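So the chains spell out like this:
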Amino acid sequence: MARAAAANGNSKTLLNCNGLRSEDVKRSVSQCNGEKNGPRTGVASRQHRQEFFEQAPMYVAVMTYLGFGIVTLFGYFRDFLRAVGLEKCHLAQEREEQKDFVPLYQDFENFYTRNLYMRVRDNWNRPLCSLPGPVFDLMERVSDDYNWTFRFTGRTLHNVINMGSYNYLGFAENKEDFLKTVADTMQQYGVGVCSTRQEIGNLSLHEDLEKLVASFLGVESSMAFGMGFATNSMNIPALVGKGCLILSDELNHTSLILGARLSGATIRVYKHNNMHSLEKMLREAVCSGQPRTHRPWKKILIMVEGIYSMEGSVVRLPEIIALKKKYKAYLYLDEAHSIGAVGPSGRGVTEMFGVNPADVDVMMGTFTKSFGAAGGYIAGKKELVDYLRSHSHSAVYASAMSPPITEQIIRAMKCIMGKDGTTEGIKRIRQLAENTRYFRARLKEMGFIIYGNDDSPVVPILLYMPGKVVAFAREMLERNIGVVVVGFPATPITEARARFCLSAAHTRAMLDQVLHHLNELGDGLCLKFSRRKYSSRPDLCNETDFELDS
Amino acid sequence: MLCGVPSPPMNSRHGPISLRVVEFTGPREEAADEANEKKRPWMNVGVAHSEVNPNTRVMNSRGIWLTYLLLTVVLHVVLLSIPFFTVPLVWTLTNVIHNLVMYLFLHTVKGTPFETPDQGKARLLTHWEQMDYGVQFTSSRKFLTISPIVLYILASFYTKYDATHFLINTSSLLSVLLPKLPQFHGVRIFGINKY
């Protein structure tokens, strides 16, 4: 662990925020916690604590702001040209007679959309024309008027490597023998259920699925819903209400936030993965109670996610469980990205940390990511799930899960658990873990700044500057690799990134190809900002030496 | 203060969403729990943070103070390199242009250049008023208040306290300092720049 210790020491100095201001920027505090809190708590094994959120050198931040400044100035200039009439305006305009009325369109709110996004929007919403497995086919589209309109040339880009799908275990596949049971179920039950679970939509398939999910997770009982987003947003209002407190992580997904909002409980946000912030809030909540009346809270619910999909960081589960037991709060764990993707046998973060699943009060997850299907589940004690069956909006009003999808989940889960008699499931989990470790190690060696835990298959590479984000996405497509990039305002202004989602279906050759192109692009676009020296073989410092595993 | 939202009548069936908004933005709560409840949870689709209005955090981001100082220095150097301008004139020009641009970007332009999920709460607010959701005396606000003052002191020195330069510099400084006072938060004189 000497390397880890050295890396820890180096990153401590690098994670220092700049000395220009007296108070810490919220974002860097939440990001600096990985090293400060790790050694002190020592609850779980050290290897799960490796979360680095390295900050790029200052000149990168300055250049990012200059980039946005230049784009903004040009935006104002172009708006002026459009207003004067020198440039064609592609946007919706009001009619001449309505110009004196209250404006129909908010011009300024579309500023970034028309001056920044429109210029680069060929990198998003790319139409696929094949299964989104490890490789896919894209329809080639070009624009004659700088992305205001697109047209298809008719050509297809074949075998573009897919680094954006949440296909962690590779179940988004078309193999006939794997899908045979799904086809049979579709023949037997049809495609749609046409009813809610409470009316006539409760198939025996659903009951089988729920029993299987419960045994997979090691809990008493579970319930499955047709839509993952709706699982969160419709079930949280059934669990908490007015007079309860929700402590939600800073980077929680929209579905959790919406569910919390709909419930009517008071919501407090704590800094991402920061146990001090959470404990402070818990103490304050327990001591002061509700805001004006100071009555005790009816319930305190801590909402966290297993893997945060934009950062790739993993929740600090043992510490949260310790806190929850100390202050008698409840824990809601959303394992959308981590179920099936982490843990030695794919059981999620509870297995990864060696935590008893009974300690987590509400375990939630989705089937969209690792199982190649759609929908979500909530699992926990039998009383909880029985209560949800009759009180949750999703259960009572939303239509039931479609039979072929249910069967797909059942067969995927049986495959993971090994119940189908093959070792395919465990092979895939191991392949994913190996791919993750290899990819992350190689990226760190090359000198990119990546966020997140070493075991998380979500790998965000930080690109920072808006121009580079766009150039990166376009160049990667030229080289037949499809990536997902995100920029401001969806991320903080200095943290635009490209997010890679690894899959068990990616072969080592595909990963090597992607890494080779990343290396070239990293040099060409100057994306290798990391100042930490990382080498998996300390004696071989030659960066271009490829590690060829046999 | 910033959010003068009247409390709607309680409607138990459809109430929860709008009612919670009122509870959050009460002035007493903001003053008391500013550290904890500053962040209001909204529906941010497809974003990597739970920030309702990213504009509020821009001035706190890493490196923006440095960028701002660098740009001022670059402006000054560019002006200095014009052969016909004397040094006092250049300093006054730097001061005036800096204050003009600051006034334009911080106190004239209103709203956000992107759509926010809070249904346009900040549409009528200038960037200064949006900073940190209206909380006063944060470090970014202090920095942006002090920097025109420092520039003014330097300009006064380099113009040798000449009367004309003094008048121009002072009026320019006042134009950029007055809107920053907490008493002027949300104030629009004579209805200029109101909508």
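Calculation notes
- Residues numbered from 1 in each chain as written.
- Chains lettered and ligands numbered in written order.
- Predicted model: local features only at pLDDT ≥ 70, side-chain atom pairs only at ≥ 80, totals over all residues.
- Heavy atoms only, no water.
- Pairing = 2+ DSSP bridges.
- Helix = DSSP H or I, 4+ residues; strand = E, 2+ residues; numbered from the N terminus.
- Axes fitted to C-alpha atoms, helices over the stretch in contact; angles between N-to-C directions.
- Contact = heavy atoms within 4.5 Å.
- Salt bridge = Lys/Arg side-chain N within 4 Å of Asp/Glu carboxyl O.
- Buried < 20%, exposed > 50% of the residue type's maximum accessible area, 1.4 Å probe, protein only.
- Phe/Tyr/Trp six-rings, centres within 6.5 Å; stacked < 30°, edge-to-face > 60°.
- Lys NZ or Arg CZ within 6 Å of the ring centre and 35° of its normal.
- Right-handed = clockwise from strand over helix to strand, strands pointing away.

K.L.:
So, the sheet that holds strand β14 (residues 484-486) of chain A: which residues are in play, and what are the values?
P.N.:
All names here are of chain A. In spatial order, the strands read β12-β15-β14; together these three strands make up an open sheet with antiparallel pairing. The open sheet has two free edges, formed respectively by β12 (458-462) and β14, since each of these has just one partner strand. Averaged over neighbouring strand pairs, the angle between their axes works out to 30° when direction is ignored. Sheet topology note: the β14/strand β15 (residues 497-501) ladder contains three bridges and is antiparallel. Bridging from a neighbouring strand, valine 485 pairs with alanine 498 of β15. Each of β12 and β15 touches helix α15 (residues 424-446); the most contacted strand, β12, lies at about 15° to it.

K.L.:
Requested: an account of the pattern of salt bridges, with residues and values cited.
P.N.:
In this structure the tally under the stated criterion is 37 salt bridges over all chains. Put simply, Glu109(A) and Arg123(B) hold a salt bridge, and the shortest N to O gap is 3.1 Å. Of this pair, Glu109(A) sits in the loop between α3 (58-84) and α4 (111-120) while Arg123(B) sits in the loop between α6 (87-108) and α7 (127-130), each in a different chain. Under the relative-accessibility criterion, Arg123(B) is labelled partly exposed at 31%. Arg389(A) serves as the salt-bridge partner of Glu210(A), at 2.7 Å between the closest nitrogen and oxygen.

K.L.:
Give me the packing of aromatic side chains: which residues, what numbers.
P.N.:
Inspection of the entire model under this criterion finds 22 aromatic pairs over all chains. Look at Phe68(A) and Phe488(A): their rings are 5.7 Å apart centre to centre, the planes differ by 75°, and that puts the pair in the edge-to-face class. Highlighted residues: Phe68(A) in helix α3 and Phe488(A) in the loop between β14 and β15, separated in sequence by 420 residues. Taken as a pair, Phe68(A) and Phe488(A) share a single burial class, namely buried. Centroid distance Trp65(B) to Phe143(B): 4.3 Å. Interplanar angle 5°. Geometry classified as stacked. Remark: Phe143(B) occurs in helix α8 (residues 139-158) and Trp65(B) occurs in helix α5 (residues 64-80); sequence separation between them is 78 residues. Judged by relative accessible area, which is 6%, Trp65(B) ranks as buried. Joined through ring pairs, the aromatic side chains of Phe68(A), Tyr76(A), Phe108(A), Phe111(A), Tyr112(A), Phe488(A), Phe105(B) and Phe114(B) make up one cluster. The aromatic ring of Phe150(A) is capped on one face by Arg141(A), whose charged end is 4.1 Å from the ring centroid. It is Arg508(A) that lies over the ring of Tyr438(A); its NZ or CZ is 3.7 Å from the centre.

K.L.:
Describe in detail the pairing of strand β7 (residues 300-305) of chain A, supporting the description with residues and values.
P.N.:
Residue and element names in this part refer to chain A. With six of its six residues buried, β7 lies for the most part within the structure. Of the two faces of β7, the one holding Ile300, Ile302 and Val304 and the one holding Leu301, Met303 and Glu305 are both buried throughout. Two strands pair when backbone bridges link them, and strand β5 (residues 245-249) and β7 are joined in this way by four bridges, in the parallel orientation. Among the inter-strand pairings, leucine 245 is bridged to a residue of β7, identified as isoleucine 300. Pairing geometry for β7 and strand β8 (residues 330-334), over five bridges, is parallel. The residue of β8 that forms the bridge with methionine 303 is tyrosine 332. Viewed along the sheet, the connection from β7 through helix α10 (residues 317-327) into β8 turns out right-handed.

K.L.:
I'd love a proper account of the sheet that holds strand β9 (residues 362-366) of chain A, names of residues and values included.
P.N.:
All names here are of chain A. One open sheet accounts for seven strands, arranged β4-β10-β9-β8-β7-β5-β6; its pairing is mixed. Edge strands, defined here as strands with exactly one partner in the open sheet, are β4 (221-225) and β6 (266-270). Each adjacent strand pair in this sheet contributes to an overall mean axis angle of 20°, direction not counted. Pairing between β8 and β9: three bridges, direction parallel. By the bridge assignment, aspartate 334 is partnered in β9 with methionine 364. Sitting on the sheet, helix α6 (residues 204-217) touches β4, β9 and β10 (376-380), and the angle it makes with β4 is about 125°.

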